[in-house]
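Each chain, written out:
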Amino acid sequence: MCSSYHLNVADDPKAVCPECRRYMSTAIPYIARTVADNKSSDERGYVKGVVTYMVMDDLIVRPMSTISSITLLNKFNVKEVGLLEERVVNVDMAEGLKLLSASLHSITVLSSVFLGK
Ligand SMILES: [Zn+2]
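As named in an unreviewed UniProt entry, the protein chain is DUF674 domain-containing protein, taken from Morella rubra.

Okay, here's the thing in structure tokens:
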């Protein structure tokens, strides 16, 4: 949605809010009807309602929040956020098998599969 929280939404973060001309770059949860309807009766496993999750290198899954993100930046001694790199990865059958294999003998699963480390 609009980064100034005007009530405009877009599917492209480079779209511009017609009210304030800022990018529509603030992520907000999309509530699918089935998720909303089943929320109370079907909350099992990791995914509980509309929460963003973070998967760590050792495949530990945690809910993601601003505070947990800052804690992680501190933990890994990241001084400059601009030096971080975003990578989008595709997981097909081959990657799935590599992930499964790496998870059995490594604690740096994502690094070893996607960064070749
Ligand atoms: Zn706006």
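Further notes follow.
Asker: Help me understand helix H3 (residues 93-105) in this model?
Answerer: Compared with an ideal rise of 1.5 Å per residue, which puts 13 residues at 18 Å, H3 spans 19 Å between its outermost C-alpha atoms and is within 8% of the ideal. Three or more residues of H3 are buried, namely Glu95, Leu99 and Ala102. Taken around the axis of H3, the buried residues stretch over an arc of 75°, which confines them to a single face. With respect to the buried face of H3, the exposed residues turned more than 90 degrees away are Met93, Leu97, Leu100, Leu104 and His105. On its buried side, H3 packs onto helix H4 (109-115). Measuring from the side-chain oxygen of the N-cap residue of H3 to the backbone nitrogen of Ala94 gives 3.1 Å; that N-cap residue is Asp92.

Asker: I'm lost on the coordination of the zinc ion in this one. Help?
Answerer: For a metal bound by four donors in a tetrahedral arrangement, the ideal donor-metal-donor angle is 109.5 degrees, while six donors in an octahedral arrangement ideally sit at 90 or 180 degrees. Protein coordination of the zinc ion is provided by Cys2 (SG), His6 (ND1), Cys17 (SG) and Cys20 (SG), with donor distances spanning 2.0 to 2.3 Å. The site at the zinc ion holds four donor atoms, and with the angles between them running 102 to 119°, its shape is tetrahedral. Mapping the donors of the zinc ion onto the primary sequence yields the spacing C-x3-H-x10-C-x2-C. You can see His6 sitting in the segment before helix H1 (33-38) and its partner Cys17 sitting in the segment before H1, a full 11 residues away along the chain. A residue is classified by how much of its surface remains accessible, and His6, at 24% relative accessible area, is partly exposed.

The rules behind each value
For every chain, the first residue of the written sequence is number 1, and numbering continues from 1 onward in sequence order. Reporting in this predicted model follows two pLDDT cut-offs: at least 70 for local features of residues, and 80 or more for side-chain atom pairs to be given and counted; totals over whole chains, interfaces and linings ignore these cut-offs and use all residues. Heavy atoms from the whole structure form the basis of all side-chain values; hydrogens and water molecules are not counted. The numbering of helices and of strands both runs from the N terminus, where a helix is a DSSP run of H or I of at least 4 residues and a strand a run of E of at least 2. What a helix should span is 1.5 Å times the count of its residues minus one. The rule is simple: take the accessible area with a 1.4 Å probe, protein chains only, and divide by the maximum for that residue type; under 20% is buried, over 50% is exposed, in between is partly exposed. Directions pointing from the helix axis toward each C-beta atom define the arc. Residue contacts follow a heavy-atom distance rule, with two residues in contact if any of their heavy atoms lie within 4.5 Å. Counting of polar contacts relies on pairs of N or O atoms within 3.5 Å, with two restrictions inside protein: one atom must be capable of donating a hydrogen and the other of accepting it, and residues adjacent in sequence are counted only when both atoms are side-chain atoms. For Na, K and Ca the donor cut-off is 3.2 Å, and for all other metals it is 2.8 Å, counting N, O and S atoms only; because water is absent from this set, sites may look incomplete. For a four-donor site, all angles between 85 and 135 degrees give tetrahedral; for four or six donors, opposite pairs above 155 degrees with the remaining angles between 65 and 115 give square planar or octahedral; all remaining cases count as irregular.

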